Amino acid sequence: MRDIGKNIRSLRQKRNISQDQLAQTLHVTRQTISNYETGRSRPDVEMLAELARVLDADIKELLYGPTGMEHSARLLRHLAVGAVLTGLAAILYFVGGPWAQRLLQERYLICPVYMVVFFVKPLFFILLGWTLSQACLVLLRSEPLHSRWAVRSRRLLLAGISVWLAAMSPWFFYLARGLWESLQYLWGHGAFSQQSGFPSNAFLLYVARHPKVLSLGSALCGTALGILGFPACRSHAAQQ
């Protein structure tokens with residue numbers, strides 16, 4: 001019963017209802033709903049009945065969470081999605097990597113290699129870490145963390161990833177353009193002009209010298225996101 005707030009939030013998000021909408025339906029303030037979901041206060045019996053009616057759920061589901069079958073099915077869905085995405089990324093990495101190396105050796109085209117090393121490889125390890133974490137949750141019959149420190153850790157991790165993507169975005173667009181020109185050249189639809197002026201930054205220079213750090217960091221990020229409940233759980237802000 002200590003997870004009533006988490007159960008209310010989960011059911012509200014599942015029904016695509018914002019805190020404001022739920023508050024208006026129940027004739028309470030949005031802060032009241034927020035207090036319920038964060039555990040600062042608990043609804044009384046009458047309010048529980050009203051919440052169950054509005055959220056189209058059983059009171060037991062509010063008190064104890066989804067049934068075992070629903071919970072297992074949700075975890076299995078997450079695992080299946082992760083496995084499919086990881087498989088696709090693995091194909092890009094393990095097939096595209098040797099192909100890019102061959103282009104470098106035979107035609108001196110370097111953009112495909114950089115695209116695989118700096119973007120396809122990290123994507124594969126992120127998805128691999130996330131999928132493995134979901135598999136562990138299924139085996140342990142557990143679920144992603146929902147505590148306050150977990151939410152803050154998830155937001156901090158996502159902020160760090162956003163900074164990383166912002167720093168690497170010039171490099172990505174540069175390589176995407178170079179990769180497109182390389183494909184056009186291979187297909188015989190145009191001449192390949194070697195680009196100049198590689199966009200560089202501190203992140204890129206560090207990663208270029210420590211490629212294993214990028215792979216390990218990507219795997220750890222994916223694992224952490226799986227354990228901390230992303231994307232299984234979304235932040236309050238996304239629902240308001």
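As the structure is a prediction and not an experimental result, all values here were calculated from the model.

Draft legend 1. Here's a closer look at the overall build of the chain. Tallying secondary structure elements over the chain gives eleven helices and zero strands in all. Reading the helices (α) and strands (β) of the chain from amino to carboxyl end gives α-α-α-α-α-α-α-α-α-α-α. Sorting the 240 residues of the chain into buried and exposed places 38% on the buried side. Restricting the contact set of the chain to residue pairs at least 6 apart, pairs at least 24 apart contribute 74%. Approximately 14300 Å² of the chain is accessible, and the part contributed by carbon and sulfur atoms is 63%.

Draft legend 2. Representation of a positive patch on the surface within the structure. On the surface, R40, R148, R152 and R155 cluster together into a patch of positive charge. Residue position: R40 is located in the loop between α3 (30–38) and α4 (45–54).

Draft legend 3. Expanded view of the nonpolar core. Ranked by internal contacts, the top residues of the largest apolar core, which has 18 residues, are I8, L22, L26, L51, L55 and L62. Those elements giving two or more residues to this core turn out to be α1 (4–14), α2 (19–26), α3, α4 and α5 (59–64). In terms of residue count, the dominant contributor to this core is α4 (five residues). Not counting chain neighbours up to four residues away, the residues in contact with L62 comprise I4, N7, I8, L11, L48, L51, A52 and L55.

Draft legend 4. Representation of unusual backbone geometry in the model. Notably, N16 is not glycine yet its phi reads approximately 55°, a positive angle. Tracing the backbone shows N16 in the loop between α1 and α2. Of note in this structure, H27 is not a glycine but carries a positive phi near 60°. The topology assignment puts H27 in the loop between α2 and α3.

Draft legend 5. Representation of the packing of α2 against α4 in the model. Viewed as axis vectors pointing N to C, α2 and α4 meet at an angle of 120°, and their least axial separation amounts to 11 Å. When the axes of α2 and α4 are compared, the pair comes out oblique. Note on packing geometry: the crossing formed by α2 with α4 is right-handed. In contact with L22, T25 and L26 of α2, α4 contributes M47, E50, L51 and V54. Across the contact of α2 with α4, the residue classes break down as five nonpolar, one polar and one charged.

Draft legend 6. Structural context of the packing of aromatic side chains. Scanning the model with the defined rule gives eleven aromatic pairs in all. Here a set of aromatic residues connected by ring pairs shows up, and it is made of Y93, F94, F124 and F125.

Draft legend 7. Just the confidence of the model for the chain, in detail. For the chain, mean pLDDT is 80; residues scoring 70 or higher make up 82% of the total. Here helix α11 (residues 236–239) stands out as the least confident element of the chain, with mean pLDDT 36; α2 is the most confident, with 91. This stretch, residues 231–240, has a pLDDT under 50; its non-local contacts, to residues over four places away or in other chains, come to 22 contacts.

Draft legend 8. Summary view of the side chain of S133. Considering the arrangement of structural elements, one finds S133 in helix α7 (residues 111–140). Engagement of the side chain of S133 in a polar contact is seen with the backbone oxygen of W130, the distance being 2.6 Å. Ignoring any residue separated from it by four or fewer positions in sequence, one finds S133 in contact with G222, T223, G226 and I227.

Draft legend 9. Examining the environment of R15 more closely. Residue position: R15 is located in the loop between α1 and α2. A C-alpha to C-alpha distance of 7.0 Å links R15 and L55, two positions 40 residues apart in sequence. Ignoring sequence-local partners within four residues, the contact set of R15 consists of L55, D56 and A57. There is a polar contact of 2.8 Å between the side chain of R15 and the backbone oxygen of L55.

Draft legend 10. Expanded view of the pattern of salt bridges. Throughout the structure, instances matching the rule amount to two salt bridges. The salt bridge partner of R12 is E37, with a shortest N-O separation of 2.5 Å. With R12 in helix α1 and E37 in helix α3, this pair connects stretches of sequence that are 25 residues apart. Across the pair, E37 and R12 agree in class, each one buried. R53 is the partner of E50 in a salt bridge, and the nearest nitrogen-oxygen pair spans 2.8 Å. With E50 and R53 both in helix α4 and three residues apart, the pair spans about one turn of that helix.

Calculation rules
- Residues numbered from 1 in each chain as written.
- Predicted model: local features only at pLDDT ≥ 70, side-chain atom pairs only at ≥ 80, totals over all residues.
- Heavy atoms only, no water.
- Helix = DSSP H or I, 4+ residues; strand = E, 2+ residues; numbered from the N terminus.
- Buried < 20%, exposed > 50% of the residue type's maximum accessible area, 1.4 Å probe, protein only.
- Contact = heavy atoms within 4.5 Å.
- Areas by Shrake-Rupley, 256 points an atom, 1.4 Å probe, with all protein chains shown as cover.
- Patch = residues over 30% accessible without salt bridge, like charges linked within 9 Å, V, L, I, M, F, W, Y side chains within 5 Å.
- Salt bridge = Lys/Arg side-chain N within 4 Å of Asp/Glu carboxyl O.
- Lys, Arg positive; Asp, Glu negative; His and termini not counted.
- Charge placed at Lys NZ, Arg CZ, Asp CG, Glu CD.
- Core = buried A, V, L, I, M, F, W, Y, C linked by side-chain atoms within 4.5 Å.
- Axes fitted to C-alpha atoms, helices over the stretch in contact; angles between N-to-C directions.
- Parallel < 35°, antiparallel > 145°, perpendicular 65-115°, else oblique.
- Left-handed = near helix turned anticlockwise from the far one by under 90°.
- Nonpolar A, V, L, I, M, F, W, Y, C, P; charged D, E, K, R; others polar.
- Phe/Tyr/Trp six-rings, centres within 6.5 Å; stacked < 30°, edge-to-face > 60°.
- pLDDT = per-residue confidence, 0-100.
- Polar contact = N/O pair within 3.5 Å; in protein donor to acceptor, adjacent residues only side chain to side chain.

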